[in-house]
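Analysis of the macromolecular model
Here's the letter readout for the chains.
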Amino acid sequence: MQEYIQLLIDGLTIGGVYAVIALGYTLVYGVLRMINFAHGELFMMGAFTGYYTLNGFQQHSSLNDTIPVFTIAVAIVLGMLVAVALAVVMERIAYRPLRHAPRLAPLISAIGVSIFLRNIMLRVTNAQGKVYPRVFPRTVLEFGEVRVLYVQIFLIVLSFLFLALLYLFIERTKIGMAIRAVAEDRTTAALMGVNVDRTIVLTFVSGAALAGAAGVVYGMYVTTATSGMGFIPGIKAFTAAVLGGIGSVPGAMLGGYFLGISESLSTKWLGAQYKDVVAFVLLVGVLIFRPWGLLGKREDKRA
Amino acid sequence: MSTLREALAQWSPSRLWQRAEARLGRTSAGAAALRHGQYVVLPLAAIAAGLAAEHMTIRWAFAMIIAASYLMLRSSTNLFGIVVLGAMLAYLPEHMDLFERGILFDVALYAMLGIGLNIVVGYAGLLDLGYVAFFAVGAYLFALLSAPEVGGGFDVGTSFWLVLPMAMVVAALVGVLLGIPVLRLRGDYLAIVTLGFGEIIGIMLNNEGATGLIGKHVNSTHGLTNGSVGVFSIPKPYFFDIKLATPHEMYYVVLVGCLLAAFAAERIRVSRVGRAWEAIREDEDVAAAMGVNTTQYKLLAFAIGASIGGLGGAIFAAKQSAVFPSDFNLDVSVNVLALVIIGGMGNVRGVVLGSLLLIGLPDVLRDFSIDLGFVSLDNLGADYRLVIFGAALVAVMVLRPEGLLPSRRRAAEFEQARVIEAERAT
Amino acid sequence: MRTNQGRGRFRAPLLAAMVAIVATAALACGGGTSSSDKTATASAGGGKTPAAGKTAGATSAATSAAGAGGTITIKKGDSIKIGISTTLTTDNAQLGIPIRDSALLAIKTKATIKGFKIEGDPQDDGCAGPASVAAANKLIADKVVAVVGPMCSGGAVAALDPYSQQNILVISSSATNPSVTALGKKDFFRTAWNDATQGAEMAKYAYTTLSKKNAVLVNDQSTYGKGLMDVFKAAFTTAGGKVAGEEQVKVGDKDFGPTVTKIKGENPDIVVFGGFIAEGAILVRQLAEAGITATFMGADGIADQKYIDQAGGKAEGSYVSRGPTPSDQTEYNKFAAAYKAEYGKDPGQFGEQTVDAVNIILAAIEKVATTNAAGDLVIDKDALIAAAKATSNFNGASGIITFDASGDRVITTGTVNRIDQVKSGKLERVQ
């Protein structure tokens, strides 16, 4: 029993990461109908920013075993800012000129951005994985056989917090309303006086901020940052977004956790080598019965 | 950005060619000279540029040749051109070194894969991100049938030439099997599911557990596919007495495959089936309402595309003489899809150009270096080739969103959509 | 002017397919051969006369069909090129870059042979089949005399085909899987230890010295990692140990939480890992954090300070096998000092094997190269391979090297399977 609780926590941890990245996917997809393959790289850049920030702090003062709240907050904010800046540049250079292009052109452009960022970071770091300084005490909370790291709790809580914030942002603010309007029908939204360009940039910005923050927190959890670290979570997050119903914010969250826990349990039952098989079989299963995903809106139009 | 693009378009080789054509073409003699001349003059010019490149760096020649071939590809065809070019095509690898022949083989192989995927994506409009699955099926089929037991195969001794049609049939069957559950999905949902299938194939090849379920390998602890050790020592095929040992000989095999695939794809495109695909691509619901059996036609596209992938896989295995599960990853699917789109979806010419750029460029860049006297970056190509490659993908898409050589119909659709958007925006 | 949508005619696509390929072909004329010496006929048939190879233009090294295996001629004033096939992209580049640097260092140290400058030619082999073959084709086209590499076993298996067709001497310093020498290529040798040697030695150490009886094996699904664990399993169970579980992790993953939880349930007294640094460091850290007290043991894929650094203090007490190593470390220390002086850091885990591979190649060249009347350097390929094969009691940084018939190293006296333990954040030799 305790082993399964542990597996559940393991699943929630990685699922939380998928979920937060999936939020960015789902937002951008909702508005632009575009798979932003470079989204995972924003996550990676966040992780590197976190490393450089925390490392910088460590050079100047010692990070002892109490949790340096201020330092962590700065790292997260910087991680968000870097990811946001990058997303704005990315949108301006690689995606905006393709707004009216055939549907697959932005996909390839995004793949180009992804390859570019991955390899430029590989060169910047000379292929050396960066090791995070210790910010969270890596002691554990023990409940019987179940052990949880502080940073795991932080990660899980933060992912829920992000969901709540994003949900409020989308549902309760004017910008959120604009984003929903553009997602629904870009032309009509423009006619209604919504600044479409600005709204799209804001969508990228909110997705990027989440990915950047997730990168920093994930970096603190796995304690390393490497240039290739964004790619797999990016693909998984996209899977999660589709699973949950692409375009839906709670759906992305649900998809992320669902995927994380299914990976965790399939590792136990079948071995880690089959976790991706299980994930994709589940995806096909869900889509066959609910082609619009778990919480997606049923669309009569073509996706 | 848009002015830049317009300026570029104004001076693009195709525009220049059109202008020259318009001027010279007023007389019939001039027009005839133009029509035939382009097939002689331009390849010769390209070769001359290549020869001159001995003292330049090879990659600048590459850039020039892309421009030249681009220009040629924009023009229409006649039999005379085909004969001239066919002869040159067969002759030219004679003068390449092994590395360049290797690239040439890869370019031709990926062009063939691109032609196959183009049937699925370009003709039928189904976004498939798991094309590697069919490639892997063909490769492993040949590898397992022909490799000796020490190399992880079964040493059945089936002739390479017999395996080729087998690979096509098996891959097509796999295509249908994968297609049945997923073809009611649309658009990007289909993309992620096919991506999943591509990954699953790789995982299955890598794990004795999964493949062991099918049947324990006689001589190995690694299951049917020999797991991560891969299948190796695959014998080289013979064409009568000629051993197809190097990329040079295998190039002719893939070239013939490429031409047959292109021919078949083109014939199908203009057939009843092709029109059905087009209808499905444009609007699936309308197509269904008009009596097109959409599922059947979509499965057919999947199967035909898959069979070409399987053929490519078998040729790849024979040339490589060793296959590993890690050879069949997402990168292959992404590369093939990207070259189809970069080339200009929905037509074979573009696919070839896309392959030249996407598959050729990263390897050609291996040698890229800059020496300006005051600054010298020796390992620029070796270290940064993928950085440059990524940037090039973005640049091509931004400058030519419809692809380098869109089919006439695609280009028209794109132009129309842009006009409508522009009108709406104002 | 434009043709209509005519049916039945040959149409543009066909043509276009040809044109573009012609275009690539055309470029090659410039890059490859000069018009002045196109004696390429010998190679047109390929395959059966591998050695004859291509004649060369722009680069002035030329081969001719003099010896049965062919010769390499380096014109006066040109340099002797040594190919370095290693991984320079993806996360595996953290292993590959030190290999390149070690090879370049050895080349720089030797500098010249018979008045000819030696030059390294590094190519990215991507740790995979297709990229290793592309690197091989590139190096062959660059007219290298011999090659160090490929880095990974899978890539080596694939790339040995083009190398052996050209009769080129290849020595890998890091491809360890038994399958590589099982191919029976006569031009291939390795200064890396066959995993069959290392895996068995690791099992012996775990069972006998550490008295561990219940192991969980983890591999990274690579040819290397999986192969090593297979050998370990066989040796460990034969000795009387029990394998409680076999897990696989995915290269590139950064969180192995569920795998670790599963291992905990299997309750081993030793966890053995076959794979590289990135995954190994995460695994050892997460095992410690999950409260698993079982001993952790890895192999030469993680035998590096980076493993300890990336594990964030949790690698303490773990064991790392390095493969057979001499008890006498004089040569290694000399190399390590030179490496540190050149690059300001300690060499990577394949560094000493890499410099040995380069030095064996250079020694062989020195032995067989002759100068002809024109002052050019002539190297007979068969003689070069024979000279490398005859390597015996070569006193290198990685120990005394003698090759056996298949191209593997044999264990010589004074060499034991080196095991390090992590103590106070450093690797310290315990065997």
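Residues numbered from 1 in each chain as written. Chains lettered and ligands numbered in written order. Predicted model: local features only at pLDDT ≥ 70, side-chain atom pairs only at ≥ 80, totals over all residues.

**Quick word on the overall build of chain C**
Where we set the bar: Secondary structure elements follow DSSP: runs of H or I of four or more residues count as helices, runs of E of two or more count as strands, with numbering from the N terminus. Exposure in this text rests on C-beta crowding, where 20 or more other C-beta atoms within 10 Å of a residue's own make it buried, 12 or fewer make it exposed, and counts in between make it partly exposed. The C-beta atoms are placed from the backbone. Two residues qualify as a contact pair if the distance between their C-beta atoms, derived from the backbone, is within 7 Å.
The secondary structure content of chain C amounts to 14 helices and 19 strands. Each of the 431 residues in chain C was classed as buried or not, and the buried ones make up 65%. Within chain C, contacts between residues at least 6 apart in sequence are counted, and of these 67% link residues at least 24 apart.

**Considering the environment of C:Thr371**
Residues and elements named next belong to chain C. Among the secondary structure elements, Thr-371 is positioned in strand 14 (residues 370-371). Placed 296 residues apart in sequence, Thr-371 and Lys-75 show a C-alpha to C-alpha distance of 9.7 Å. Excluding residues within four positions of it along the chain, Thr-371 makes contact with Lys-114, Asp-376 and Leu-377.

**Points about the packing of helix 3 (residues 93-110) of chain C against helix 13 (residues 351-368) of chain C**
Residues and elements named next belong to chain C. Rules: Here, axes are lines fitted to C-alpha atoms. For helices the fit covers the stretch in contact, and angles between N-to-C directions go from 0 to 180 degrees. Small angles under 35 degrees read as roughly parallel and large ones over 145 as roughly antiparallel, with 65 to 115 read as roughly perpendicular and the rest as oblique. The hand of a helix crossing depends on one turn: near helix anticlockwise from the far one by less than a right angle means left-handed, and clockwise means right-handed. Residues are grouped as follows: nonpolar covers Ala, Val, Leu, Ile, Met, Phe, Trp, Tyr, Cys and Pro; charged covers Asp, Glu, Lys and Arg; every other residue, Gly included, is treated as polar.
Interhelical geometry of helix 3 versus helix 13 gives an angle of 40° and a closest axis separation of 8 Å. Classed by the angle they form, the pair helix 3 and helix 13 counts as oblique. Seen from above, helix 3 lies across helix 13 with right-handed handedness. Between helix 3 and helix 13, the contacting residues are Pro-98, Ile-99, Ser-102, Ala-103, Leu-105, Ala-106, Ile-107 and Lys-110 on the first element and Gly-351, Thr-354, Val-355, Val-358, Asn-359 and Leu-362 on the second. Looking at side-chain class alone, the contact of helix 3 with helix 13 contains 9 nonpolar, 4 polar and 1 charged residues.

**Digging into the interface of chain B and chain A**
Each partner contributes residues to the interface: chain B has 39 residues there, and chain A has 35 residues. Elements represented by at least two residues in the side of chain B that touches chain A include exactly helix 8 (160-182), helix 9 (187-206), helix 15 (330-343), helix 17 (380-399) and helix 18 (408-425) of chain B. Per-element accounting of the side of chain B that touches chain A gives the leading share, 11 residues, to helix 17 of chain B. In terms of residue class, the side of chain B that touches chain A is built from 26 nonpolar, 4 polar and 9 charged.

**Some words on the confidence of the model for chain C**
For clarity, the cut-off: A residue's pLDDT is simply how confident the predictor is in it, with values from 0 to 100.
In this model, chain C carries a mean pLDDT of 82, and residues with pLDDT of at least 70 account for 84%. Of the two predicted TM-score estimates for the complex, the pTM is 0.84 and the ipTM is 0.88.

**Re the environment of C:Ile385**
Residues and elements named next belong to chain C. Note on placement: Ile-385 falls in helix 14 (residues 381-389). The spatial distance from the C-alpha of Ile-385 to the C-alpha of Arg-285 is 45 Å, given a sequence separation of 100 residues. Beyond its immediate stretch of four places on either side in the chain, Ile-385 contacts Leu-169, Lys-186 and Asp-187.

**A short note on unusual backbone geometry**
Residues apart from glycine generally show negative phi values, whereas peptide bonds are mostly found in trans. Following C:Gly149, the chain continues to C:Pro150 via a peptide bond in cis, the omega torsion being -15°. Here C:Pro150 lies in the loop between strand 6 (146-148) and helix 5 (153-165). One non-glycine residue with positive phi stands out, namely B:Ser233, at about 60°. Of the residues examined, B:Ser233 has 22 C-beta atoms within 10 Å and is grouped as buried.

**With respect to helix 7 (residues 195-209) of chain C**
Residues and elements named next belong to chain C. This is how it is decided: Take the residue count of a helix, subtract one, and multiply by 1.5 Å to get its expected span.
The end-to-end C-alpha separation of helix 7 is 20 Å, in line with the 21 Å expected for 15 residues at 1.5 Å each. Of all the residues in helix 7, the buried ones are Asp-195, Ala-196, Gln-198, Gly-199, Glu-201, Met-202, Ala-203, Ala-206 and Tyr-207. Two residues or fewer past helix 7, Ser-211 is found with a positive phi of approximately 50°.

**A closer look at the pairing of strand 15 (residues 377-380) of chain C**
Residues and elements named next belong to chain C. The condition that has to hold: Criterion used throughout: strands pair if DSSP finds at least two bridges between them.
The pairing of strand 2 (residues 71-74) with strand 15 spans 4 bridges and is antiparallel. The partner of Thr-73 across the bridge, within strand 15, is Val-378. Across 2 bridges, the pairing between strand 14 and strand 15 is antiparallel. Residue pairing for strand 15: Thr-371 is matched across the bridge by Leu-377. What sits between strand 14 and strand 15 in their antiparallel hairpin is a turn of 5 residues, with Gly-375 showing a positive phi close to 85°.

**Some remarks on the pairing of strand 13 (residues 319-326) of chain C**
Residues and elements named next belong to chain C. With 8 of its 8 residues buried, strand 13 lies for the most part within the structure. With 2 bridges connecting them, strand 12 (residues 295-298) and strand 13 associate as parallel partners. From the neighbouring strand, Met-297 faces strand 13, where its bridge partner is Tyr-319.

**With respect to the sheet that holds strand 7 (residues 169-172) of chain C**
Sheet strands associate in pairs through backbone hydrogen bonding, adopting either a parallel or an antiparallel arrangement. All names here are of chain C. Spatial ordering of the open sheet is given by 4-5-3-6-7-8, a layout of 6 strands whose pairing is mixed. Strands with a single pairing partner mark the edges of an open sheet, and in this sheet they are strand 4 (112-113) and strand 8 (188-190). Where helix 4 (residues 129-141) meets the sheet, it contacts strand 3 (80-86), strand 5 (116-124) and strand 6, and its direction lies at approximately 155° from that of strand 5. Helix-sheet contacts for helix 14 involve strand 6, strand 7 and strand 8, and the interaxial angle to strand 7 is about 30°.

**Re the confidence of the model for chain B**
Residues shown with low pLDDT carry predicted positions that ought not to be read at fine detail. When pLDDT is averaged along chain B, the result is 77; 67% of the residues meet or exceed 70. Per-residue pLDDT stays below 50 along residues 209-220 of chain B; that stretch engages in 17 contacts with residues further than four places along the chain or on separate chains.

**Here we look at the packing of helix 1 (residues 2-32) of chain A against helix 5 (residues 150-172) of chain A**
Residue and element names in this part refer to chain A. Contact geometry of helix 1 with helix 5 gives a least axis separation of 9 Å together with a crossing angle of 35°. Judged by the sense of rotation from one axis to the other, the crossing of helix 1 with helix 5 is left-handed. Across the interface between the two elements, Ile-9, Leu-12, Thr-13, Gly-16, Ala-19, Val-20 and Leu-23 from helix 1 touch Gln-152, Leu-155, Ile-156, Ser-159, Phe-162 and Leu-166 from helix 5. Of the residues in the contact of helix 1 with helix 5, the class split is 9 nonpolar, 4 polar and no charged.

**Quick word on the environment of B:Ile103**
Within the secondary structure layout, B:Ile103 lies in helix 6 (residues 98-123). Linking B:Ile103 and B:Leu356, residues 253 residues apart in sequence, is a C-alpha distance of 9.1 Å.

**Here we look at helix 6 (residues 174-184) of chain A**
Here is the rule we go by: Directions pointing from the helix axis toward each C-beta atom define the arc.
Residues A:Ala178, A:Ile179 and A:Val182 constitute the buried set of helix 6 of chain A. Mapping the buried residues of helix 6 of chain A onto a view down its axis gives an arc of 100°, with all of them on the same face.

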